[in-house]
Every structure is written in C-alpha cells, then in structure tokens.
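What follows is each chain in one-letter form.
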Amino acid sequence: MLKDGSADLVTETDQRVEQIIISFLQDKFPTHCFIGEESVAAGKQQAFTDGPTWMIDPIDGTTNFVHRWPYVAVSIGLCVNKEVVVGVVYNPILDEMFSAKKNQGAFLNNKPICVGKQTELSASLLVQEFGSQRDDKSVAFKQGNILKMLKHPVQAIRCCGSAALDLCMLATGAADAYFEFGIHCWDIAAGGLIVKEAGGYMADTEGGPLDLMSRRCLAAGTEQLAIQISRMIDHVRLERD
C-alpha cells in the first residue's frame, strides 16, 4: 500500500507490528501515551505532553523490507517530560539490538558502543536519506544540500534507507555525521538517544537543542563536525509533528 506516493509504502506488517507493540506496552503501562507512525497515518492524533510517551516506528525502512534489503528496524523510544530516556532499535534481519538508557551508555547486543571522533568533513562518512517526497521543490532542496557536501568534499556519502539505523551506525563510529529534513519523531527518538549515550552530538540543524517534533535533525560524532555541516547546508522549517 502507498501513503502519499510511490516512494512512501506501508504494509500490513507495519500495522500489525505496531498493534502488537502498543498492546504489549499498554498492558504493562496503562497510563502511558503512544505516538506510532501507523496510528498517526490512520488519523489518530496524540498530543506530546510531559507524561510518559512511547514513540514507535514498527518498521523503519519499509521500502527496504518490501525489497528484501536488509536494513530494516523496529524503533521504540520512551519520553518523559518530553525527553527521551530509553531507546531501542532492533534490526531483526541482522539480529542487531541497539539500546540506550539516559546516563547509562549505549550498546549493541549488550556490548558498549562509542561514536568516532572525526572533526574534519573531508575525512568523514556522511549518511543521508532522500525521503519519500518527490515533488520538484523537495527533490531540489535535498539535491542541493548533498551537492554542497560533495563539493566540500565529504569523503563519502551512504544511504541505508532507515533513519534509525543511520543514527545507530553513527553511534558505533561506522559513520561520522547525519542530517535530515522531513523525518518524524518516531524515526529519531530512539536512535537519537543511542547517539547521545554513545558520546555523540544531536541538535537542530541550525544549532541549539534537538526538537523532536520539528522534523529535522543533525547528528555527528563531534560538535565541531556538526557545526561545519550546519554552516554549509540550506535549512527549511517544516510542518511540525
């Protein structure tokens, strides 16, 4: 099935996985709130308050899942007072479980992970996504920023097809930086905490604290690298989650 266009897919599996996760958590935590990708797509709105709120992407990388590309993840983040305090990203294809708790470090299959400490863009591997929007304005904006990176030049750019796993790759040190416009809170809640707990830097694309609902983010192994990228790219404000 399609959501908004040929590049934005949803499957019965997305919907069923989200139902299973929410049902399980509701039994354990009946007073908690839930913001799930497929629930929102179906028209169910949930205000983001200070109360305990789970942000769920049942299959981050649905297009990958449909094409059997092995970068697929379940992403679950728990927010308290609008701050992510627990994050889990699981790739069932590769059996990789990324996890983090606030102030307790980040882990891959229970082994500690740490970001790289690259400070120079010319020696960095950048992860990027094109997203699902295919209108001329959106495509031109994304291409423009990627061109800026290539002309600097960045050492390499990779596109995995999953924002959550992009952030996890950064948390392991396999990638050095990531930025995106148009993502949603459920894409980055868990992965963002994993990056921070691995020693990385998460912020708004123009600097300042990350706003989960702003639909844009910048992440890097070091603040110095993030600042370089922020100063080079164009920025846009989007409709909030």
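Below you will find a few notes about this structure. Quick caveat, the model's predicted, so the values are computed rather than measured.

Right, let's get into the environment of Leu121. Mapped onto the fold, Leu121 is located in the loop between strand E9 (111-112) and strand E10 (125-127). For the pair formed by Leu121 and Val139, sequence separation is 18 residues and the distance between their alpha carbons is 23 Å. In this structure, Leu121 is in contact with Met149, His152, Pro153, Val154, Gln155, Leu225, Gln228, Ile229 and Met232, ignoring residues within four places of it in sequence.

Turning to the nonpolar core, a few remarks are in order. With 37 residues, the main nonpolar core has Met55, Val89, Tyr178, Ile194 and Leu212 as its most contacted residues. At the level of secondary structure, the elements contributing two or more residues to this core comprise strand E5 (73-80), strand E6 (83-91), strand E7 (96-101), helix H5 (163-172), helix H6 (185-197) and strand E14 (216-220). Ranked by residues supplied to this core, first place goes to H6 with eight residues. In this structure, Ile194 is in contact with Gly87, Val89, Phe98, Ser99, Ala100, Ala106, Ile113, Cys168 and Ala171, ignoring residues within four places of it in sequence. Grouped together as the second largest cluster of nonpolar side chains are 13 residues, Met149, Phe179, Ala220 and Ala226 included.

Moving on: the sheet that holds E10. The strand order across the open sheet built from five strands is E11-E10-E12-E14-E13, with neighbouring strands paired in mixed fashion. Both edges of this open sheet fall to strand E11 (156-158) and strand E13 (201-203), since each of them pairs with a single strand only. Strand-to-strand twist in this sheet, taken as the mean axis angle between neighbours without regard to direction, amounts to 20°.

Once that is clear, we can look at the pattern of salt bridges. Applying the stated criterion across every chain, the model contains six salt bridges. Linking Glu83 and Lys102 is a salt bridge whose minimum nitrogen-to-oxygen distance equals 3.1 Å. Note that Glu83 is positioned in strand E6 and Lys102 in the loop between E7 and strand E8 (106-108), a separation of 19 residues in sequence. Taking the relative accessible area as the measure of exposure, Glu83 reaches 34% and is therefore partly exposed. Lys102 gets classed as partly exposed once you look at its relative accessible area, which sits at 33%. Here the salt bridges share partners, and the residues they tie into one network are Asp204, Glu206, Arg216 and Arg237.

What follows concerns the packing of aromatic side chains. Under the definition given, this model contains four aromatic pairs. Where Phe141 meets Phe181, the ring centres are 5.1 Å apart and the plane angle is 85°; that geometry is what we call edge-to-face. Placement of the pair is Phe141 in helix H4 (residues 136-151) and Phe181 in strand E12 (residues 177-181), with a sequence separation of 40 residues. Of the residues examined, Phe141 reaches a relative accessible area of 22% and is grouped as partly exposed. Each member of the aromatic cluster is reached from another via a ring pair, and the members are Phe141, Phe179 and Phe181.

The first and last C-alpha atoms of helix H1 (residues 12-28) sit 25 Å apart over 17 residues, in line with the 24 Å expected at 1.5 Å per residue. Considered for burial, the residues of H1 that qualify are Asp14, Glu18, Ile21, Ile22 and Leu25. One face of H1 carries all of its buried residues, which in axial projection span an arc of 95°. Of the residues in H1, the exposed ones pointing more than 90 degrees away from the buried face are Glu12, Phe24 and Asp27. Residues of H1 that are buried make contact with strand E3 (33-36), helix H2 (37-41), strand E4 (53-60), helix H3 (62-67) and E5.

Calculation criteria
Residues numbered from 1 in each chain as written. Predicted model: local features only at pLDDT ≥ 70, side-chain atom pairs only at ≥ 80, totals over all residues. Heavy atoms only, no water. Helix = DSSP H or I, 4+ residues; strand = E, 2+ residues; numbered from the N terminus. Contact = heavy atoms within 4.5 Å. Core = buried A, V, L, I, M, F, W, Y, C linked by side-chain atoms within 4.5 Å. Buried < 20%, exposed > 50% of the residue type's maximum accessible area, 1.4 Å probe, protein only. Pairing = 2+ DSSP bridges. Axes fitted to C-alpha atoms, helices over the stretch in contact; angles between N-to-C directions. Salt bridge = Lys/Arg side-chain N within 4 Å of Asp/Glu carboxyl O. Phe/Tyr/Trp six-rings, centres within 6.5 Å; stacked < 30°, edge-to-face > 60°. Expected span 1.5 Å × (residues − 1). Arc of directions from axis to C-beta.

Limitation: the analysis is restricted to geometry and does not speak to function.
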